[in-house]
Amino acid sequence: MPSYQLRDTATRRLLAWGLADYAAAEAAADRLDDELERDLAANGEGAGRIRLRLDVEKVTAGSTEAVGHHVLLLGVDDPADPLPAL
């Protein structure tokens, strides 16, 4: 039976593994996004752009296959309309 995992594309570090299905991998990416946003806020980090790309991998009988990607943009506090109203 296959399982799914999340890997940081840049560092190749495995961030989550043993996930039941693709939906569980998406949920894990959402949780990771929330955790990183909280950590940034706790450290006084606000506006800025941190881009993290995650590979969603399917693992079947020891073989790993990339089946999707998530790109997280963290710490983005851009106003909805950067120009003042006239």
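In this text the structure is predicted, and so the values were computed from the model without any measurement.

Quick word on the overall build of the chain
Along its length, the chain carries one helix and four strands. Counting only residues that meet the buried cut, the chain has 27% of its 86 residues in that class. Restricting the contact set of the chain to residue pairs at least 6 apart, pairs at least 24 apart contribute 49%. Here the chain has roughly 6000 Å² of accessible surface; of this, 52% comes from carbon and sulfur atoms.

Quick word on the pairing of strand β3 (residues 50–60)
Note: strand β1 (residues 3–8) against β3, six bridges, orientation antiparallel. Looking at β3, one finds that leucine 6 is bridged to valine 56. Note that β3 and strand β4 (residues 63–74) share eleven bridges and pair antiparallel. Directly across from isoleucine 50, in β4, lies its bridge partner leucine 74. Counting the residues that bridge the hairpin from β3 to β4 gives two residues, and of these alanine 61 lies at a positive phi of roughly 50°.

With respect to the sheet that holds β1
Overall, antiparallel pairing links the four strands, which are arranged β2-β1-β3-β4 in an open sheet. Bordering the open sheet on either side are β2 (14–19) and β4, each of which pairs with just one other strand. Averaged over all adjacent pairs, the angle separating strand axes in this sheet is 20°, with direction ignored. Packing of helix α1 (residues 22–42) onto the sheet brings it into contact with β1, β2, β3 and β4, and relative to β4 it is tilted by some 35°.

Some remarks on the pattern of salt bridges
Throughout the structure, instances matching the rule amount to four salt bridges. One salt bridge in this structure joins aspartate 55 and arginine 12, with 3.2 Å as the shortest N-O distance. Linking aspartate 55 in strand β3 with arginine 12 in the loop between β1 and β2, this pair joins segments that are 43 residues apart in sequence. Taking the relative accessible area as the measure of exposure, arginine 12 reaches 42% and is therefore partly exposed. We classify aspartate 55 as buried; its relative accessible area is 8%. Among the charged side chains, a salt-bridge network with shared partners connects Arg7, Arg12, Arg53, Asp55 and Glu57.

Things to note about unusual backbone geometry
Phi is positive for arginine 12, close to 65°, though the residue is something other than glycine. You will see that alanine 61, though not glycine, has its phi angle at about 50°, which is positive. Relative to the assigned elements, alanine 61 resides in the loop between β3 and β4.

The rules behind these values
- Residues numbered from 1 in each chain as written.
- Predicted model: local features only at pLDDT ≥ 70, side-chain atom pairs only at ≥ 80, totals over all residues.
- Heavy atoms only, no water.
- Helix = DSSP H or I, 4+ residues; strand = E, 2+ residues; numbered from the N terminus.
- Buried < 20%, exposed > 50% of the residue type's maximum accessible area, 1.4 Å probe, protein only.
- Contact = heavy atoms within 4.5 Å.
- Areas by Shrake-Rupley, 256 points an atom, 1.4 Å probe, with all protein chains shown as cover.
- Pairing = 2+ DSSP bridges.
- Axes fitted to C-alpha atoms, helices over the stretch in contact; angles between N-to-C directions.
- Salt bridge = Lys/Arg side-chain N within 4 Å of Asp/Glu carboxyl O.

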